[in-house]
Structure formats: C-alpha cells, structure tokens
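Single-letter residue listing:
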Amino acid sequence: MSGSPERQIVGRFAPSPTGALHSGSLVAAVGSYLMAKRDGGRWLLRLDDLDTSRQVPGMSDDILRTLELFGLFWDGEVARQSGHLEEYRHAFDALLRMGALYPCGCSRKEIARSASAPHGEDDGLVYPGSCRGGMKRGKTEPVIRSWRVRVPEDDICFSDLRRGRICQNLSAVSGDFAVRRGDGEFAYQLAVVVDDYLADVNQVVRGDDLLASTPRQIYLQQQLGFPQPDYCHLPLVAGPAGAKLSKRDNLISHQLGAVVGREQELLLAVLRFLGQSPPSELIGCPCTDILEWGVSNFDPLHLPAQGGVLEM
Ligand code: GLU
C-alpha cells in the first residue's frame, strides 16, 4: 500500500484502559510513534474503552499521563471507542444489508462442545457454522447471542513489515466470527476496523499478539470497502522467566509512581529491544532527546525476529 509520495503516514497507539501500561504496551507505543514520526507522519491516540465491564477507573487518565512522562505526545484529540457507537452501527447495518451477517443462537459452551470446533491459532474456538442456515428453533423463540460474519474459503494474505507475508484461512482459524453480541455490544474486530478508518489510519504498528486478528480485520475492511493500512507487528516482551507478560508484570504507571525517574532508562531499553542501537551519549538525556534520536535513526529492518525479556 505504501508508495504514493504525497501520502502522509497516520499511525496510532490504541491501549485499552483495563489496567496501567506495562513494558509490552510501552514497546507498542514507542514503536508506533517512531514508525509514524520517522516519515513525518501523525501519531494518534485512541482509548479502546468499548468493554466497559473490564475498565478500571482512573486508568485512561493514568495512561495519558504516563505517555506524557515519556515525551510521547500524540497529535490531535484523544479518540475513544465509546464515542464511535453510531459509526459501528452504520458499519454493522451495511454488512447486514449486503447479506454478510447472520444471527447465531449458540452459546460458548455449545460451540466448545461441538466436535467440529477445534481451537484456533489464537486459542479462540473455531465456530463450526451451526447457525449459517438459520438458528435452530426449540419450543421457544431462539435467542440471538451474536451476529456473525460469513468467512470466505480462500486464504486472506497480507504483508507485514516485520513478519513478511502472512496467509490465514479464516474458516480454519476462527470460522464465522462475531461482530456484535446479542446484547448489542460490538466486537473488537469490527470496532477497530471502523476506528482506524474514521481516523484515516494507514499504518498499524502493534504487538505480535494481535497478528492473528489481522486477517479478520482485513476481511472486514474488504467487505466494507475500507482501505487496508500497512501492518507491522512488533516482538513481544516476555514476563519473568520468559513467560507471557501479564497485566501485573512490569507496570508502567504514573499513578503508581512505578516509573518516575526511570523513564530515560526504560526508553533506551525499549529502543534496544526494538533492535536499535542508541549511542551511550544518550544515557541520562531527557526523553525528548532520546525520542528525537529515534525519529532520525529508527530502522524497521533491525526489528528482531524474536521477542524476549526487556533488559535494562
Ligand atoms: N486495544 C487493543 C489492546 O490494547 C489494541 C488494539 C489494536 O492495536 O488494534 O490490546
């Protein structure tokens, strides 16, 4: 998708206010910032606050203050998913009108019980398509538990700046996936596609944990006629002893005072984690100087193939 000389890069960082930032989110913030800014682009901030049940009060503010501590200033207003419900509804209605969706009455338990529902790549269940031909009618009117999009038989392929060409067969990995719950709440996959489209985001840089979701998002972009952004999925920071990083590990929080005084050290560690070689003269310099060096010198070709522990 890249190429047109006049195209301005629009990148973004989209944390969920379900907890404080951690070192993995800081890697995504710094990586997306530098990738956008090295090309003179804009870097937007969006709070993914769709799932109200998982939100922790005060966290949105804590995330903003923490980013500021690192000198990571965003362009324009902070966007919030909670402000996009009308737009999600439009996209949902458009998909419905084109016959891309169907209502599904299956509970998670029923899907898990179904013999033809193995686990997909991202550990989610593969929906076997039980309601594709209509919801089963019992004695009572069936309850709609979700709205699902019919996925194609063909692979969805895209080129990731770090991971190279990725192909995924949605019927094998997720099956017809949900875009809206029966209670009306929109699913992350639909929301993020609409959010990025609304803000003209053309460069998505985020953690590798979201790589497996990308083909679903690309499929929705194709259905809705939205342009496809460029993608770069960054290596993941491992928790203690190489385990998957949990929300409680390596918290980076303004409110908790968990970083104060260590911002520069952390920022340099993140740059090294991303395969860059900041000079030793930057030790002890303000974050803005370190980021400035990053903007001029960041080279995505040096992004490492593997993640690991963030070495300080
Ligand atoms: N809000 C998502 C998260 O914190 C990220 C969404 C995205 O980058 O697409 O995991």
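Residues numbered from 1 in each chain as written. Predicted model: local features only at pLDDT ≥ 70, side-chain atom pairs only at ≥ 80, totals over all residues. Heavy atoms only, no water.

**Here we look at the overall build of the chain**
Step number 1: Counting its secondary structure elements, the chain contains nine helices and 12 strands.
Step number 2: In terms of its C-alpha atoms, the chain occupies a principal-axis envelope of roughly 75 × 45 × 35 Å.
Step number 3: With 312 residues in all, the chain has 50% of them scored as buried.
Step number 4: For the chain, long-range pairs separated by at least 24 residues make up 76% of all intrachain contacts whose partners lie at least 6 apart in sequence.
Step number 5: Of the charged side chains in the chain, 33 are positive and 39 negative, and the gap between their average positions amounts to 9 Å. (Helix = DSSP H or I, 4+ residues; strand = E, 2+ residues; numbered from the N terminus. Buried < 20%, exposed > 50% of the residue type's maximum accessible area, 1.4 Å probe, protein only. Contact = heavy atoms within 4.5 Å. Lys, Arg positive; Asp, Glu negative; His and termini not counted. Charge placed at Lys NZ, Arg CZ, Asp CG, Glu CD.)

**A word on the site of the ligand**
Step number 1: Around the ligand lies a shell formed by Arg12, Ala14, Ser16, Asp48, Tyr188, Val192, Arg206 and Leu210.
Step number 2: A distance of 3.0 Å separates an oxygen atom of the ligand from a polar atom in the side chain of tyrosine 188.
Step number 3: At 2.7 Å from an oxygen atom of the ligand is found a side-chain nitrogen or oxygen belonging to arginine 206.
Step number 4: Class assignment for the residues of the shell around the ligand results in four nonpolar, one polar and three charged. (Near = heavy atom within 4 Å. Polar contact = N/O pair within 3.5 Å; in protein donor to acceptor, adjacent residues only side chain to side chain. Nonpolar A, V, L, I, M, F, W, Y, C, P; charged D, E, K, R; others polar.)

**So, the pairing of strand β11 (residues 230–234)**
Step number 1: For β11, a buried count of four out of five residues is recorded, marking the element as mostly surrounded by other parts of the structure.
Step number 2: Bridging between strand β10 (residues 203–207) and β11 involves five bridges; their strand directions are parallel. Of the residues in β11, the one forming a bridge with valine 205 is cysteine 232.
Step number 3: Handedness of the β10-helix α7 (residues 214–224)-β11 crossover: right-handed. (Pairing = 2+ DSSP bridges. Right-handed = clockwise from strand over helix to strand, strands pointing away.)

**A short note on the state of the cysteines**
Step number 1: The tally for this structure, following the rule as stated, stands at one disulfide.
Step number 2: In this model cysteine 157 forms its disulfide with cysteine 167; the gap between the sulfur atoms is 2.1 Å. As the torsion about the S-S bond is roughly 110 degrees, the cysteine 157-cysteine 167 disulfide counts as right-handed. With cysteine 157 in strand β7 (residues 156–160) and cysteine 167 in strand β8 (residues 164–168), this pair connects stretches of sequence that are 10 residues apart. (Disulfide = S-S within 2.5 Å.)

**Considering helix α1 (residues 23–37)**
Step number 1: Taking 1.5 Å of rise per residue, the 15 residues of α1 would be expected to cover 21 Å, and the 21 Å separating its terminal C-alpha atoms lies within 8% of that figure.
Step number 2: Taken across its 15 residues, α1 has 13 buried, putting it largely inside the fold. (Expected span 1.5 Å × (residues − 1).)

**Some remarks on the packing of aromatic side chains**
Step number 1: Enumeration over the complete set of coordinates arrives at seven aromatic pairs.
Step number 2: A centroid spacing of 6.3 Å and a plane angle of 10 degrees characterise the contact between phenylalanine 13 and tryptophan 43, whose relative ring orientation is stacked. With a gap of 30 residues between them, phenylalanine 13 in strand β1 (residues 10–13) and tryptophan 43 in strand β3 (residues 42–47) connect regions that are remote in the sequence.
Step number 3: A relative accessible area of 0% places tryptophan 43 in the buried class.
Step number 4: Each ring, one from phenylalanine 92 and one from phenylalanine 186, has its centre 6.2 Å from the other, and the planes form 70 degrees; the classification is edge-to-face. Placement of phenylalanine 92 in helix α3 (residues 85–97) and of phenylalanine 186 in the loop between β9 (177–181) and α6 (188–198) is noted, with a sequence separation of 94 residues between them. Taken individually, phenylalanine 92 and phenylalanine 186 each receive the classification buried, so the pair is uniform in this respect.
Step number 5: Aromatic rings pair up to connect Tyr88, Phe92, Trp147 and Phe186 into one cluster.
Step number 6: Here arginine 148 stacks its cationic end above the ring of tyrosine 127, 3.8 Å away from the centre of that ring.
Step number 7: Its end group placed over the ring of phenylalanine 92, arginine 180 keeps NZ or CZ at 4.8 Å from the ring centre. (Phe/Tyr/Trp six-rings, centres within 6.5 Å; stacked < 30°, edge-to-face > 60°. Lys NZ or Arg CZ within 6 Å of the ring centre and 35° of its normal.)

**Overview of the packing of helix α8 (residues 263–273) against helix α9 (residues 287–297)**
Step number 1: Where α8 contacts α9, the axes come no closer than 9 Å and their chain directions differ by 15 degrees. When the axes of α8 and α9 are compared, the pair comes out roughly parallel. For the pair α8 and α9, the crossing hand works out as right-handed. Between α8 and α9, the contacting residues are Glu263, Gln264, Leu267, Leu268 and Leu271 on the first element and Cys287, Ile290, Leu291 and Trp293 on the second.
Step number 2: Of the residues belonging to the contact of α8 with α9, the class tally is seven nonpolar, one polar and one charged. (Axes fitted to C-alpha atoms, helices over the stretch in contact; angles between N-to-C directions. Parallel < 35°, antiparallel > 145°, perpendicular 65-115°, else oblique. Left-handed = near helix turned anticlockwise from the far one by under 90°.)

**A short note on the sheet that holds strand β5 (residues 101–104)**
Step number 1: Across the sheet, which stays open at both edges, the three strands sit in the order β5-β6-β9 with antiparallel pairing between neighbours. Each of the sheet's edge strands pairs with one partner strand only, and the pair in question is β5 and β9. Taken over all neighbouring pairs, the strand axes of this sheet differ in orientation by 35 degrees on average, direction set aside.
Step number 2: Both β5 and strand β6 (residues 146–149) contribute to a ladder of four bridges, which runs antiparallel. The partner of leucine 101 across the bridge, within β6, is valine 149.

**Examining the packing of α3 against α6**
Step number 1: It is the contact of α3 with α6, at a shortest axis distance of 10 Å, that shows an interaxial angle of 110 degrees. Considered as vectors, α3 and α6 are oriented roughly perpendicular to each other. The element α3 and its partner α6 pack so that their crossing is right-handed. For the pair α3 and α6, contact is made by Glu87, Tyr88, Ala91, Phe92 and Leu95 and by Leu190, Ala191, Val194, Asp195 and Leu198, respectively.
Step number 2: In the contact of α3 with α6, the residues fall into eight nonpolar, no polar and two charged.

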